Amino acid sequence: MPLGNTVRALLGTSSFRQTGLIVLAFLLVALASVLLSRYLIEHLLRAHVTEIILSDIKTKVQSTNLERVDKVLQLLRHREHFDPRKERESFLVDASGLLLVGDERLYSDLKPQLPPCSPTNCPSPPLSLHTDTADLLGMRVPLQDGGQYISAYDIRPMLDKVRMIPLAAGSALFAVLLAALLIGLRFSSLTLRRVDAINRALARYSGGCRDARVPTGPHNDEFARLGSEVNHALDRIDRLVEEVRSTSGHIAHELRTPLTRLQTRLVSLADQTRGDVHDELLSAVDEVGRIYQLSRSILRLGEIETGRCQHHATALDAGRLLQEVADYYQPLAEQQQCVLRVDAPASCLLYGDQALLFQALSNLLDNALKYAPGQPIDLLARRDGSHTLIGVRDHGPGIAPAERAVALQRFRRLHNAHDRPGDGLGLPLVKAVAELHRGGLVFTLPDSGPVAGLTVLLRLRGAT
């Protein structure tokens, strides 16, 4: 099997689809968890930093009572000397608005968020500043001498660190899900292999190999149990087919002799009589012959449907096969004043048993001569992708699409066929031959529009 078909078959297995659905569900849950955890971590971090800022302001109040700028300045310098932190930002402004401590660029970016402030009225909203280099959270408090103190923290380094946590967890979970998908693909491959083994065994059995059985393997898993049940069913079918075959053969053998004797005695009586009695006896002889042929047709149809008939598929030239059928039926066609035309492209090959296909085409041609006398009849062959269509087209009354399924049933004859001889086994036998070749019947050409009459084609595997 080509690699592309193998991959498509693996991806189409139910076990892989179930694995993929589970992996997709977990992947969506993991993605939602990563996004939610990132949001929660940032929210908790900002709340923690806000608590740190409030604690810092509380410390300043306890140490300096926030009275004068010089005391706060001395405290800030002392802290920077003994407890330097890069993420901490402090701004100290005197009463004249001069920045004594802090980054001037960051302070200029913060100033638009600072409303006018006086010792008696100094709004202190939470401050937030996002720049290319920093992500500040802060709070302003007024000093009694008119100055201002701003305590802030740059949380970007901390955010960069904590953001790696959900990303790492998500990457690990994604790796686990990918491994699960690969494991599911492996199990799908094993499942497909077991299913293919069952399909091959059933295909061989339906093709006539009565010894074909499903391998069960050493493991008593569900496929082994299924294979055992399939093998049990095939053994049962073999026993039933053998019983039917022996019974049918016995019936055919037992009928052949009395029917032959009856036919001989009727012919002998007909030779000894004249007039109406002679004609009636000859009619009875014909009826006995028809019964004999009907029993042979039923047995032959049963052999083909069960695959018990001898058959061997080889590469055949469709045009040559059609020409042989046309040559065989040419005298009868001349009697019916029908013109037989073979229409087949060069080198149109198919796989099939020549004797069975000859019989199927003979049945189709016999029906065409019966229902469309005096009209031209075409024996057709066409390529249809990897298959070959081969059959007969006439210009008779045809079969309505709604009645075609009925025409393929045993002994079922349409309303316009009761005045013509027949037993209703022609098309069922053609269908059985097509199905024995793992093909089917179609009632029109794929590239043709409405055509008067009837076109019946066997769709068989083509050969190159």
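Quick look at the structure, then.

As a further point, take the overall build of the chain. Within the chain one finds eleven helices and twelve strands. Looking at the 464 residues of the chain, the share that counts as buried comes to 35%. Within the chain, counting contacts between residues at least 6 apart in sequence, those at least 24 apart form 64% of the total. Accessible surface, the chain as shown: approximately 27,200 Å² in total, 58% of it carbon and sulfur.

On to the sheet that holds strand E5 (residues 148-154), then. For sheets, the rule is that strands pair by backbone hydrogen bonds, running either parallel or antiparallel. Reading across the sheet, the five strands line up as E2-E1-E5-E4-E3 and stay open at both edges, with antiparallel pairing between neighbours. Bordering the open sheet on either side are strand E2 (99-101) and strand E3 (127-130), each of which pairs with just one other strand. Taking the axes of each pair of neighbouring strands and ignoring which way they run, one obtains an average angle of 25° across the sheet.

In contact at an axis separation of 9 Å, helix H9 (residues 354-371) and helix H11 (residues 426-436) are set at 150° when each is read in the N-to-C sense. Classified by the interaxial angle, the pair formed by H9 and H11 is roughly antiparallel. Considering how the two elements wind past one another, H9 and H11 form a crossing that is left-handed. Of the residues in H11, those touching H9 at Leu-356, Leu-357, Gln-359, Ala-360, Asn-363, Leu-364 and Asn-367 are Gly-426, Leu-427, Leu-429, Val-430, Val-433 and Leu-436. Here the residues of the contact of H9 with H11 sort into nine nonpolar, four polar and no charged.

Right, let's talk about a nonpolar patch on the surface for a bit. On the surface, a cluster of nonpolar side chains totalling about 560 Å² of accessible area is made up of Leu-24, Leu-27, Leu-28, Phe-174, Leu-178 and Leu-182. Those elements that provide at least two residues to the nonpolar patch are helix H2 (14-64) and helix H5 (156-206). Topologically, Leu-28 is positioned in helix H2. Of the residues examined, Leu-28 reaches a relative accessible area of 53% and is grouped as exposed.

Let us look at the packing of aromatic side chains. Per the stated rule, a full pass over the model turns up two aromatic pairs. Both rings, one in Tyr-328 and one in Tyr-329, keep their centres 5.5 Å apart while their planes meet at 65°; by these two values the pair is edge-to-face. Look at Tyr-328 and you get exposed, because its relative accessible area is 59%. Ring geometry for Tyr-328 and Phe-358: centres 5.8 Å apart, planes at 75°, overall edge-to-face. Here Tyr-328, found in helix H8 (residues 318-335), pairs with Phe-358, found in helix H9; they are 30 residues apart in sequence, far enough to count as distant. Assessed through its relative accessible area of 22%, Phe-358 is described here as partly exposed. A network of ring pairs unites the aromatic residues Tyr-328, Tyr-329 and Phe-358 as a single cluster.

What follows deals with the pairing of E5. Of all seven residues making up E5, seven are buried, and the element is well covered by its neighbours. Residues Gln-148, Ile-150, Ala-152 and Asp-154 line one face of E5 and the alternating positions Tyr-149, Ser-151 and Tyr-153 line the opposite face, and both faces are buried. Bridge count between strand E4 (residues 135-142) and E5: seven bridges; the pairing is antiparallel. Bridge pairing links Leu-137 to Tyr-153 in E5. Taken together, E4 and the strand that follows it, E5, pair antiparallel across an intervening segment of five residues, in which Gly-146 is found at a positive phi of about 100°.

A few words now on the nonpolar core. Counting 40 residues, the largest nonpolar core has Ile-390 and Leu-458 as its most contacted members. For this core, the secondary structure elements donating two or more residues are H8, H9, strand E9 (377-384), strand E10 (387-394), H11 and strand E12 (454-463). Take this core: its biggest share by element is eight residues, from H9. Apart from the residues lying within four places of it in its own chain, the contact partners of Ile-390 are Ala-318, Leu-321, Leu-322, Leu-350, Leu-361, Leu-380, Ala-381, Val-456, Leu-457, Leu-458 and Leu-460. Membership of the second largest hydrophobic core comes to 19 residues, among which are Leu-66, Leu-73, Leu-76 and Ile-155.

What follows covers the environment of Arg-213. You can see Arg-213 is positioned in the loop between H5 and helix H6 (222-271). Exposure remark for Arg-213: the relative accessible area of 24% places this residue in the partly exposed category. Taking C-alpha positions, Arg-213 is 9.4 Å from His-232, a pair spaced 19 residues apart along the chain. Not counting chain neighbours up to four residues away, the residues in contact with Arg-213 comprise Ala-201, Tyr-205, Asn-231, Leu-234, Asp-235 and Asp-238. A polar contact of 2.6 Å, which involves the side chain of Arg-213, links it to the side chain of Asp-235.

A few words on the side chain of Arg-140. By the element assignment, Arg-140 lies in strand E4. At a separation of 3.1 Å, a polar atom in the side chain of Arg-140 contacts the side chain of Gln-148. When sequence neighbours within four positions are dropped, the list of residues in contact with Arg-140 reads Leu-114, Pro-115, Pro-116, Cys-117, Cys-122, Pro-123, Ser-124, Leu-127, Gln-148, Tyr-149 and Ile-150.

Before going further, it helps to spend a moment on H8. Given 3.6 residues per turn, any residue in an α-helix points the same way as the ones three and four places further on. For H8, which comprises 18 residues, the first-to-last C-alpha distance of 26 Å matches the rise-based estimate of 26 Å (1.5 Å per residue) to within 8%. At Tyr-329, H8 is bent by approximately 55°, the largest bend along its length, and proline Pro-331 sits one to four residues beyond. Three or more residues of H8 are buried, namely Ala-318, Gly-319, Leu-321, Leu-322, Val-325, Ala-326, Tyr-329 and Ala-333. If you follow the buried residues of H8, they end up packed against strand E6 (314-317), strand E7 (340-343), strand E8 (349-352), H9, E9 and E10.

Thresholds applied
Residues numbered from 1 in each chain as written. Predicted model: local features only at pLDDT ≥ 70, side-chain atom pairs only at ≥ 80, totals over all residues. Heavy atoms only, no water. Helix = DSSP H or I, 4+ residues; strand = E, 2+ residues; numbered from the N terminus. Buried < 20%, exposed > 50% of the residue type's maximum accessible area, 1.4 Å probe, protein only. Contact = heavy atoms within 4.5 Å. Areas by Shrake-Rupley, 256 points an atom, 1.4 Å probe, with all protein chains shown as cover. Pairing = 2+ DSSP bridges. Axes fitted to C-alpha atoms, helices over the stretch in contact; angles between N-to-C directions. Parallel < 35°, antiparallel > 145°, perpendicular 65-115°, else oblique. Left-handed = near helix turned anticlockwise from the far one by under 90°. Nonpolar A, V, L, I, M, F, W, Y, C, P; charged D, E, K, R; others polar. Patch = residues over 30% accessible without salt bridge, like charges linked within 9 Å, V, L, I, M, F, W, Y side chains within 5 Å. Salt bridge = Lys/Arg side-chain N within 4 Å of Asp/Glu carboxyl O. Phe/Tyr/Trp six-rings, centres within 6.5 Å; stacked < 30°, edge-to-face > 60°. Core = buried A, V, L, I, M, F, W, Y, C linked by side-chain atoms within 4.5 Å. Polar contact = N/O pair within 3.5 Å; in protein donor to acceptor, adjacent residues only side chain to side chain. Expected span 1.5 Å × (residues − 1). Bend = angle between axes of the 7 residues up to and from the residue.

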